[in-house]
Amino acid sequence: MTTTSMEVVLTGTGTPIPVPGRAGPGVYVRTEAAGLQIDTGRATVLRLAEAGVRADAVDAVLLTHHHSDHTTDLGDVLVSAWLMDADHAVDLVAPAGLTAEFAETALAPLRGDMTFRRGHRRVTDIARPDVRAFRPGRAPALVWQRGDTQVDAVAVRHEPVVDAVGYRIRTSLGSVVISGDTRACAEIEELASGARVLVHEVVDPARVPEARRHTIEYHAIPAEVGALAERAGVETLVLTHLWPAPQDDADIRAFHDGVRAGGFTGELIVGADLVRLRVTPDATLVTLPTTADLSALHTPSLREPVAQH
């Protein structure tokens, strides 16, 4: 199977701090072979619905690490898939250790419902999520595959969190990379080499409250992300997990200008929930959310002209 297009939807660009209009971290990637949900922060299912993506279009959930803002709606994603008549099991892909243990534990209170739904529909393959734990390394390694779609993972630098990972979704069309939570690091730079799209977390150190200055130590600074993406030859860079969340155009501009100061020359998007990218052989087409899609308090993304090649 040859992939002719991929779709990337930001299902959440927020952080642990609740902000109107920004759901918890998550990205949905659709290839011609599979639908992949990377992380399941708060309100993931609602964002999928707002994007026109049915929960039963999720074939696998890929967790980047165990922090609750990235995992809290895992059960909702799974239950919603079963409620919407998914005819397949959903794979749960997670780094071994606390993240895979969380996935197993999160399934425990759902066991009764899973048993009921299998019996009620007389379908044995649904509601049987398979936790696929892997031990991440400092070099990319294959952790999931279906048809032309391959998923690689690499350990990233989110210490003191151990076994946090980033993911690369590869098809014949190119690759989409999701950083997860991490400092700008060589591991993500290698993973993102030549990527069509890199979705990378970012923190604005100038706006972090004094009581939370420690968060800068294990997140990525805009200029460093810009330099990393430029060296890696990334076509389109999308910023997510925006901390602190931008409150106005000046805050959005600060993220943008910080990345440009690092030297990135490709297309740049300061992420908002429901930003959608369609990757084709000839271009990456970007659709921005509108006020009809989001709450009135949401701040729209800042982006530049669509990259053509």
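Keep in mind the model is a prediction, meaning the values are calculated, not measured. (Residues numbered from 1 in each chain as written. Predicted model: local features only at pLDDT ≥ 70, side-chain atom pairs only at ≥ 80, totals over all residues. Heavy atoms only, no water.)

Caption draft 1: Inspection of the pairing of strand 15 (residues 284-287) at higher detail. Alternating residues of strand 15 divide into Thr284 and Val286, all buried, and Leu285 and Thr287, none buried. Bridge count for strand 14 (residues 276-279) against strand 15 is four bridges, and the pairing is antiparallel. Looking at strand 15, one finds that Arg276 is bridged to Thr287. Connecting strand 14 to the antiparallel partner strand 15 that follows it, the hairpin turn spans four residues. (Buried < 20%, exposed > 50% of the residue type's maximum accessible area, 1.4 Å probe, protein only. Helix = DSSP H or I, 4+ residues; strand = E, 2+ residues; numbered from the N terminus. Pairing = 2+ DSSP bridges.)

Caption draft 2: Up close: the confidence of the model for the protein. Within the protein, residue pLDDT values average 89, and 91% of them lie at 70 or more. Confidence drops under pLDDT 50 across residues 291-301; counting only partners more than four residues distant or on other chains, this segment forms 24 contacts. Long-range and interchain partners of residues 305-309, a stretch whose pLDDT sits below 50, account for 15 contacts in this model, where long-range means more than four residues apart. (pLDDT = per-residue confidence, 0-100. Contact = heavy atoms within 4.5 Å.)

Caption draft 3: Fine view of the packing of aromatic side chains. By the definition in use, this model includes one aromatic pair. Between Phe134 and Tyr167, the ring centres sit 6.3 Å apart and the planes meet at 70°, which makes this aromatic pair edge-to-face. Placement of the pair is Phe134 in strand 6 (residues 130-134) and Tyr167 in strand 9 (residues 165-171), with a sequence separation of 33 residues. (Phe/Tyr/Trp six-rings, centres within 6.5 Å; stacked < 30°, edge-to-face > 60°.)

Caption draft 4: Region of the structure containing the sheet that holds strand 2 (residues 26-30). Ordered by their spatial adjacency, eight strands build an open sheet running 6-5-4-3-2-1-14-15, and the pairing between neighbours is mixed. Whereas interior strands pair on both sides, the edge strands pair on one side only; in this sheet they are strand 6 and strand 15. Strand-to-strand twist across the sheet, computed as the mean angle between neighbouring axes with direction ignored, equals 20°. Both strand 2 and strand 3 (residues 35-38) contribute to a ladder of four bridges, which runs antiparallel. Counterpart to Arg30 in the pairing with strand 3 is Gly35. (Axes fitted to C-alpha atoms, helices over the stretch in contact; angles between N-to-C directions.)

Caption draft 5: Inspection of helix 7 (residues 249-261) at higher detail. Taking 1.5 Å of rise per residue, the 13 residues of helix 7 would be expected to cover 18 Å, and the 18 Å separating its terminal C-alpha atoms lies within 8% of that figure. Buried within helix 7 we find Asp251, Ile252, Phe255, His256, Gly258 and Val259. The arc that holds every buried residue of helix 7, seen down its axis, measures 160°, which confines them to one face. Facing away from the buried side of helix 7, by more than 90 degrees, are the exposed residues Asp249, Ala250 and Ala261. Between the side-chain oxygen of the N-cap and the backbone nitrogen of Ala250 there are 3.1 Å, and the N-cap of helix 7 in question is Asp248. Remark: Gly263 follows helix 7 within two positions and exhibits a positive phi of approximately 105°. (Expected span 1.5 Å × (residues − 1). Arc of directions from axis to C-beta. Polar contact = N/O pair within 3.5 Å; in protein donor to acceptor, adjacent residues only side chain to side chain.)

Caption draft 6: Focus on the pattern of salt bridges. Inspection of every chain in the model, using the stated rule, returns 21 salt bridges. Here Arg30 and Asp59 are joined by a salt bridge, their closest N and O atoms 3.8 Å apart. With Arg30 in strand 2 and Asp59 in the loop between helix 1 (44-50) and strand 4 (60-62), this residue pair connects regions lying 29 residues apart in the sequence. The partly exposed category is assigned to Arg30, whose relative accessible area is 27%. A network of salt bridges, in which partner residues are shared, links Arg138, Arg157, Glu159, Arg183 and Glu187. (Salt bridge = Lys/Arg side-chain N within 4 Å of Asp/Glu carboxyl O.)

Caption draft 7: Looking closely at the packing of helix 6 (residues 222-232) against helix 7. Between helix 6 and helix 7, the least distance of the axes is 6 Å, while the angle of their chain directions is 45°. Comparing the axis directions of helix 6 and helix 7 gives the class oblique. As for how helix 6 packs across helix 7, the hand of that crossing is right-handed. Across the interface between the two elements, Pro222, Ala223 and Gly226 of helix 6 pack against Phe255, Gly258 and Val259 of helix 7. Grouping the constituent residues of the contact of helix 6 with helix 7 by class yields four nonpolar, two polar and no charged. (Parallel < 35°, antiparallel > 145°, perpendicular 65-115°, else oblique. Left-handed = near helix turned anticlockwise from the far one by under 90°. Nonpolar A, V, L, I, M, F, W, Y, C, P; charged D, E, K, R; others polar.)

Caption draft 8: The nonpolar core, seen in detail. Counting 31 residues, the largest nonpolar core has Leu36, Ile38, Val151, Tyr167 and Leu277 as the members making the most contacts within it. Once residues lying within four places of it in the same chain are set aside, the contact partners of Val151 are Leu36, Leu62, Ala141, Leu142, Val143, Trp144, Tyr167, Arg168 and Ile169. (Core = buried A, V, L, I, M, F, W, Y, C linked by side-chain atoms within 4.5 Å.)

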